[in-house]
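Listed below are the residues making up each chain.
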Number of protein chains: 2
Amino acid sequence: MKQDVVNDHKARAAAWFEDLRNRICAAFEQLEDDYDGPLRDLPAGRFARKSWRREAVAGDDSDTGGGVMSIMRGRVFEKVGVNISTVYGKFPAEFAKTIPGAAEDPRFWASGISLVAHMHSPLVPAVHMNTRHIVTTKGWFGGGADLNPPLPNDQDTADFHAAFKAACDAHDPAYHPRFKEWCDEYFFIKHRNRARGVGGIFYDYLEDDWEKNFAFTQDVGRAFLDIYPKLVRRHMNKPWTAEERETQLIYRGLYAEFNLVYDRGTLFGLKTGGNVEAILMSLPPEAKWP
Amino acid sequence: MKQDVVNDHKARAAAWFEDLRNRICAAFEQLEDDYDGPLRDLPAGRFARKSWRREAVAGDDSDTGGGVMSIMRGRVFEKVGVNISTVYGKFPAEFAKTIPGAAEDPRFWASGISLVAHMHSPLVPAVHMNTRHIVTTKGWFGGGADLNPPLPNDQDTADFHAAFKAACDAHDPAYHPRFKEWCDEYFFIKHRNRARGVGGIFYDYLEDDWEKNFAFTQDVGRAFLDIYPKLVRRHMNKPWTAEERETQLIYRGLYAEFNLVYDRGTLFGLKTGGNVEAILMSLPPEAKWP
């Protein structure tokens, strides 16, 4: 592919992730403003932004990109992080072997958005969403979203799946069955023999048609932006019990176990000098293993 | 070595771990009884015991041992687990290659005691202790203890190190410098670029002289039984602030990170079908990543 086409693709993908970040943060701040639940006496939360530069590593370029964390600790969102990053450089030799198109040439470029929300109310599901575009000698999109309710609610689960099914079906009828199953397989806590949450979609290595895959990735972001705030509004003003909060804190222990023991991104980041604060923003603000 | 000698060694080691468990549990219950601090209105804690059998795996024997968990949730000890186990069978082929003496013959026998204490008071250090005897075609002892204060206290640290230095020096003057350094290397949270705690000792593969190594391992247990309750008594009745408690909960987040990302025993156990409840007893009862 011509370099100017690749550069155009990179620029459009990175701009989209930034735009999606802005829209999500605005929608979440609106939820904070509209809140009228048990913690209404707290101030409405606002996102704080913090940028970071990726550290140059041996044999790598000096300017290797970076990212911006957006963190909010509010009255609906106990802790939510929306990270965007665009990083580039060379993969370490051993790691390059495991990445499509990098064995021949270890140079890479990667841009994406990653979001984890942990909620005050145990009645409001926690959520994770991430989409990314990676370029080596190949170029592909990946990502997904999954719902993590401490107290699963069948209607929420059905609506969340329906939103992503619609986003998938608009592009390829084969997507949703495949990506829903992939999500269930990926977010499984083997040592607990249970799923982390109630699922969603997970996809990776979409590289057949850039425009098609970019449009799909955008629709995944839009589906998230549409459905998740609806689920939050559905439950956010309801009172909860101490017992429900305890269930949530114990559920968060499982969530932390998954992220620290199994999550590919977390482990890769921690073991290769990624931005620790950004990576571990996914951990719950409070958790219990009683 | 003659089989009856090996059998005698196994029996004596397993009996010691059980005896040490009994003595530690009695000492910890005495601390609960003697407590006169901020949570004195809670009932004094008592250990509850729960035994488990190791699950037979493909190609393994049907009777493969098991263990006994002793758990106490008290007014000094927020959550403490003292596990003993004696398990045997065959290592999976890939794993056998990584274990001394198992490449030739994958059969193993392993017995040990493992203890983690998380305290209510942020002024009382948390602690970890483990000693074990493993027999393949070789046989060796390993273990150690390390102190994990949320708010480090120089006198506690000095006394803890002195106790294990005395235990080491009685057996070999080269032990303490080596095992203290090994502890610092092992309990290091690389992604945080900091130690998990203030150290102690860590040793492994002691196989030169069974009687000498068993006597040393017993003295490590005795040193722990002597020093740790002293450190608890030194601080347990003092009041603490909400800010100190918050520091403790955040410190426990780091502790959980180490155990789930790096700890050899935890990861091996989780990924090979060990007893999940016993393995994860080490996780803190409550932790924060604010």
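I will try to describe carefully the structure that is included in this document. As the structure is a computational prediction, the values presented were derived from the model and not from experiment.

This part covers the pattern of salt bridges. Enumeration according to the criterion identifies 50 salt bridges over all chains in this entry. Notably, a salt bridge pairs Lys165 of chain B with Asp169 of chain B, separated by 2.6 Å at the nearest N-O pair. Pair noted here: Lys165 of chain B and Asp169 of chain B are both in helix H3 (residues 154-169), with a separation of four residues, about one helical turn. Of the residues examined, Lys165 of chain B reaches a relative accessible area of 40% and is grouped as partly exposed. According to the relative accessible area criterion, Asp169 of chain B is partly exposed, its value standing at 32%. Close ionic contact of Lys288 of chain B with Glu246 of chain B constitutes a salt bridge, the shortest N to O distance being 3.0 Å. Placement of the pair is Lys288 of chain B in strand E10 (residues 286-288) and Glu246 of chain B in helix H6 (residues 242-261), with a sequence separation of 42 residues. For Lys288 of chain B, a relative accessible area of 18% translates into the label buried. A cluster of three or more residues bridged by salt bridges with shared partners is formed by Glu78, Arg245, Arg252 and Glu286 of chain A.

Here we take up the interface of chain A and chain B. At the interface, 22 residues of chain A touch 22 residues of chain B. Together, the buried faces of chain A and chain B total about 1900 Å²; carbon and sulfur atoms form 66% of this surface. Summed over the three residues of chain A that lose the most area to chain B, namely His191, Leu260 and Trp289 of chain A, the buried surface amounts to 30% of that side. Viewed at the interface, chain B and chain A are joined by seven residue pairs in polar contact (both at pLDDT 80 or more). Of all elements in the fold, only helix H6 (242-261), helix H7 (264-271) and strand E10 (286-288) of chain A reach the threshold of two or more residues within the side of chain A that touches chain B. In terms of residue count, H6 of chain A provides more of the side of chain A that touches chain B than any other element does, four residues in total. Looking at the side of chain A that touches chain B residue by residue, the class counts come to 14 nonpolar, one polar and seven charged. Two elements, E10 of chain A and E10 of chain B, share three bridges in a ladder whose sense is antiparallel. Looking at E10 of chain B, one finds that Ala287 of chain A is bridged to Ala287 of chain B.

So, on to the packing of aromatic side chains. Residue and element names in this part refer to chain A. On inspection of all chains with the given rule, the structure shows 48 aromatic pairs over all chains. Between Phe187 and Phe258 the ring centres are 5.5 Å apart and the planes differ by 45°, which places this aromatic pair in the tilted class. Taken together, the residues span a long stretch of sequence, with Phe187 in the loop between helix H4 (175-186) and strand E7 (188-189) and Phe258 in helix H6 at a distance of 71 residues. Chaining the aromatic ring pairs together yields one cluster made of Tyr175, Phe179, Trp182, Tyr186, Phe187, Phe202, Tyr203, Phe216, Phe258 and Tyr262.

Below, the discussion takes up the relation of the copies chain A and chain B. With an RMSD of 0.0 Å, the fit of chain A onto chain B corresponds to turning through 180° and sliding 0.0 Å along the axis. Given the turn and translation reported, the copies of this chain are related as if by a two-fold rotation axis. Comparing interface residues between copies, 100% of those in chain A also lie at the interface in chain B; the contact surface is shared.

Moving on, we get to the nonpolar core. Soluble globular proteins tend to pack their nonpolar side chains together in the buried interior. By size, the foremost hydrophobic cluster in this structure holds 49 residues, and its most contacted members are Ile24, Phe28, Phe77, Leu115, Phe164, Phe224 and Tyr228 of chain A. A per-element tally of this core places helix H5 (residues 210-235) of chain A first, with eleven residues. If we skip the residues at most four places from it in the chain, Tyr228 of chain A touches Phe28, Phe77, Ala117, Met119, Val124, Pro125, Ala126, Val127 and Leu147 of chain A. Counting residues in each nonpolar core, the second largest holds 48 residues, with Leu20, Ala167, Phe214 and Leu225 of chain B among its members.

This paragraph deals with the pairing of strand E2 (residues 65-72) of chain A. All names here are of chain A. Counting buried positions along E2 yields seven of eight residues, so the element is predominantly enclosed. With six bridges joining them, strand E1 (residues 48-53) and E2 adopt antiparallel strand pairing. The residue bridging Arg49 from the neighbouring strand is Ser70, located in E2. Pairing geometry for E2 and strand E3 (residues 77-90), over eight bridges, is antiparallel. The residue bridging Ser70 from the neighbouring strand is Val82, located in E3.

Turning next to the sheet that holds strand E4 (residues 107-119) of chain A. All names here are of chain A. With respect to topology, seven strands assemble into an open sheet ordered E1-E2-E3-E4-E5-E6-E9, the strand pairing being antiparallel. Either end of the sheet is taken by a strand with one partner, and the two such strands are E1 and strand E9 (199-206). Neighbour-to-neighbour, the strand axes of the sheet open up by a mean angle of 10°, direction not taken into account. Sheet analysis places strand E5 (residues 126-135) next to strand E6 (residues 139-148), joined by ten bridges and oriented antiparallel. Looking at the pairing, His128 lines up with Asp146 of E6. Across the sheet, helix H3 (residues 154-169) is in contact with E5, E6 and E9; its angle to E9 comes to roughly 25°. Packed on one face of the sheet, H4 meets E6 and E9 and runs near 105° to E9.

Criteria and cut-off values
- Residues numbered from 1 in each chain as written.
- Chains lettered and ligands numbered in written order.
- Predicted model: local features only at pLDDT ≥ 70, side-chain atom pairs only at ≥ 80, totals over all residues.
- Heavy atoms only, no water.
- Salt bridge = Lys/Arg side-chain N within 4 Å of Asp/Glu carboxyl O.
- Helix = DSSP H or I, 4+ residues; strand = E, 2+ residues; numbered from the N terminus.
- Buried < 20%, exposed > 50% of the residue type's maximum accessible area, 1.4 Å probe, protein only.
- Contact = heavy atoms within 4.5 Å.
- Buried area = accessible area lost by both parts, 1.4 Å probe.
- Polar contact = N/O pair within 3.5 Å; in protein donor to acceptor, adjacent residues only side chain to side chain.
- Nonpolar A, V, L, I, M, F, W, Y, C, P; charged D, E, K, R; others polar.
- Pairing = 2+ DSSP bridges.
- Phe/Tyr/Trp six-rings, centres within 6.5 Å; stacked < 30°, edge-to-face > 60°.
- Least-squares fit on C-alpha atoms with pLDDT ≥ 70 in both.
- Core = buried A, V, L, I, M, F, W, Y, C linked by side-chain atoms within 4.5 Å.
- Axes fitted to C-alpha atoms, helices over the stretch in contact; angles between N-to-C directions.

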